[in-house]
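In case you want the letters, here they are:
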Amino acid sequence: MVTQQDVLKEYDVQKLSDADNVELTDDQLDSGSKGQLIKLAGQLRDRRNDLNQMASERASKRDDLNAKTREKVDEAQEHREQRDSLNEQVQEHKNKRNELNAEANELFDKVEQMKEDLELDDGKDIEELKEEIEQLEFRQQTEVLSTEDERELIEKIENKREELRQKKDKVEDSGELEELIEEAEEVRSEASQHHQKVTELADKAQEHHNQMIEAYREADDIRDKADAMHELFVEAQEAADRHHEDFVRVQKRLRELDKQEEEERDAERAEKREAAKEEAEEIYQKFKEGETLDTEDLMKLQKTGLL
């Protein structure tokens, strides 16, 4: 079973450390100063970017592993197709071998029947007779025999020679038998060739079957690693997404603080304008009553548009 730890080590993937993550609490978000929030936003952004980079690297390695898995599956499929093709050829040669063996058996049955008809199976065959004659002649030439024993030996040799002549005459008179034997042997030889092909092709088919099994096993191993790498990718991506969400929350809070500050500044400016207007109206009233205005008073009247 492939573990995440196995994949981290094998593919030199950086481990995600929770200690490097940036935490955002509701208290920080609600009560933190603008400066604190700006700093926190920068930390969240930087950690988010690091995590996105980590997720991207893990996704790339996962995709590479998935591609290798597909390659192994394709390789296994090729071996399967070659195995199936070879098995089809094996069956074809088996069928042909069986047909030829059946044909050869029929021909040899005919040979045996013809031999029976020609009585060629009675007694010894031609080669055995030749060998016996040679042994008897060798004995005649090398042993010292009595006249009676030599006469009996010569008679025995002549009998064997006569038997051999009769056998040969029968065979010569049975040319069809020789042709039949030759045909049967040729058919049997052809069947044997098909049997040899059956053996060769079956061995090759078994090799492809073994290679197919091994390729599927390797594909399963790589797929397990790809799944573990995907889990690591999800881990990094979810952490990156959480940091991004917190970054967005801080940015939103900063915009709220900016808006609040702007509203306070607007209110302060409005208050100052109102105070300046009231002061200018008092100065203008004095002017209408005939009092002499100094330069500063005149400038205040000009600012408010009363002069």
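Cut-offs and rules
Residues numbered from 1 in each chain as written. Predicted model: local features only at pLDDT ≥ 70, side-chain atom pairs only at ≥ 80, totals over all residues. Heavy atoms only, no water. Helix = DSSP H or I, 4+ residues; strand = E, 2+ residues; numbered from the N terminus. Buried < 20%, exposed > 50% of the residue type's maximum accessible area, 1.4 Å probe, protein only. Contact = heavy atoms within 4.5 Å. Areas by Shrake-Rupley, 256 points an atom, 1.4 Å probe, with all protein chains shown as cover. Lys, Arg positive; Asp, Glu negative; His and termini not counted. Charge placed at Lys NZ, Arg CZ, Asp CG, Glu CD. Phe/Tyr/Trp six-rings, centres within 6.5 Å; stacked < 30°, edge-to-face > 60°. Lys NZ or Arg CZ within 6 Å of the ring centre and 35° of its normal. Salt bridge = Lys/Arg side-chain N within 4 Å of Asp/Glu carboxyl O. Polar contact = N/O pair within 3.5 Å; in protein donor to acceptor, adjacent residues only side chain to side chain. pLDDT = per-residue confidence, 0-100.

Considering the overall build of the protein
Regarding its fold elements, the protein presents 7 helices and 0 strands. When the helices and strands of the protein are placed in sequence order, the string is α-α-α-α-α-α-α. Each principal axis of the C-alpha atoms in the protein carries an extent, and together these give about 195 × 40 × 30 Å. Taking all 307 residues of the protein together, the buried fraction comes to 27%. Considering only intrachain contacts with a sequence separation of at least 6, the fraction spanning at least 24 residues in the protein is 84%. Accessible area of the protein: about 21,000 Å², with a carbon and sulfur share of 44%. Distance between charge centroids for the protein: 9 Å, based on 52 positive and 93 negative side chains.

Considerations on the packing of aromatic side chains
If you walk through the whole model with that rule in mind, you get 0 aromatic pairs. One Lys or Arg, arginine 48, reaches over the ring of phenylalanine 247 and ends 5.0 Å from the middle of that ring. One residue, arginine 62, lies across the ring of phenylalanine 233, its end atom 4.8 Å from the ring centre.

A short note on the pattern of salt bridges
As enumerated under the stated definition, the model contains 30 salt bridges in all. The partner of arginine 242 in a salt bridge is glutamate 23, with the nearest N and O atoms 3.9 Å apart. Within this pair, whereas arginine 242 is found in helix 6 (residues 175-288), its partner glutamate 23 is found in the loop between helix 1 (4-10) and helix 2 (26-31), the two being separated by 219 residues in sequence. One salt bridge in this structure joins glutamate 158 and arginine 161, with 3.3 Å as the shortest N-O distance. Residue glutamate 158 and its partner arginine 161 are located together in helix 5 (residues 147-172), separated by 3 residues, close to a single helical turn. Each member of the salt-bridge network shares a partner with another, and the members are Lys34, Asp258, Glu261, Glu262, Arg265, Asp266 and Arg269.

Things to note about the side chain of arginine 62
Inspection of the secondary structure puts arginine 62 in helix 3 (residues 34-118). Polar side-chain contacts of arginine 62 include one of 3.1 Å to the side chain of aspartate 63. Ignoring sequence-local partners within four residues, the contact set of arginine 62 consists of Ala226, Met229, His230 and Phe233.

Overview of the confidence of the model for the protein
Low pLDDT marks stretches whose predicted atomic positions should not be read closely. Taken as a whole, the protein shows an average pLDDT of 88; of its residues, 91% reach a score of 70 or greater. Mean pLDDT across the elements of the protein bottoms out in helix 7 (residues 295-304) (71) and peaks in helix 3 (94).

Some points on the side chain of histidine 93
By secondary structure assignment, the location of histidine 93 is in helix 3. Apart from residues lying up to four places away in sequence, histidine 93 is in contact with His194, Lys197, Val198 and Leu201.

Details of the environment of glutamate 150
Structurally, glutamate 150 is set in helix 5. Sequence spacing of glutamate 150 and arginine 139 is 11 residues, and the spatial spacing of their C-alpha atoms is 9.8 Å. In this structure, glutamate 150 is in contact with Gln140 and Leu145, ignoring residues within four places of it in sequence.

Focus on the environment of glutamine 251
If you trace the backbone, glutamine 251 turns up in helix 6. Between the alpha carbons of glutamine 251 and isoleucine 38 there is a distance of 8.2 Å; along the sequence they are 213 residues apart.

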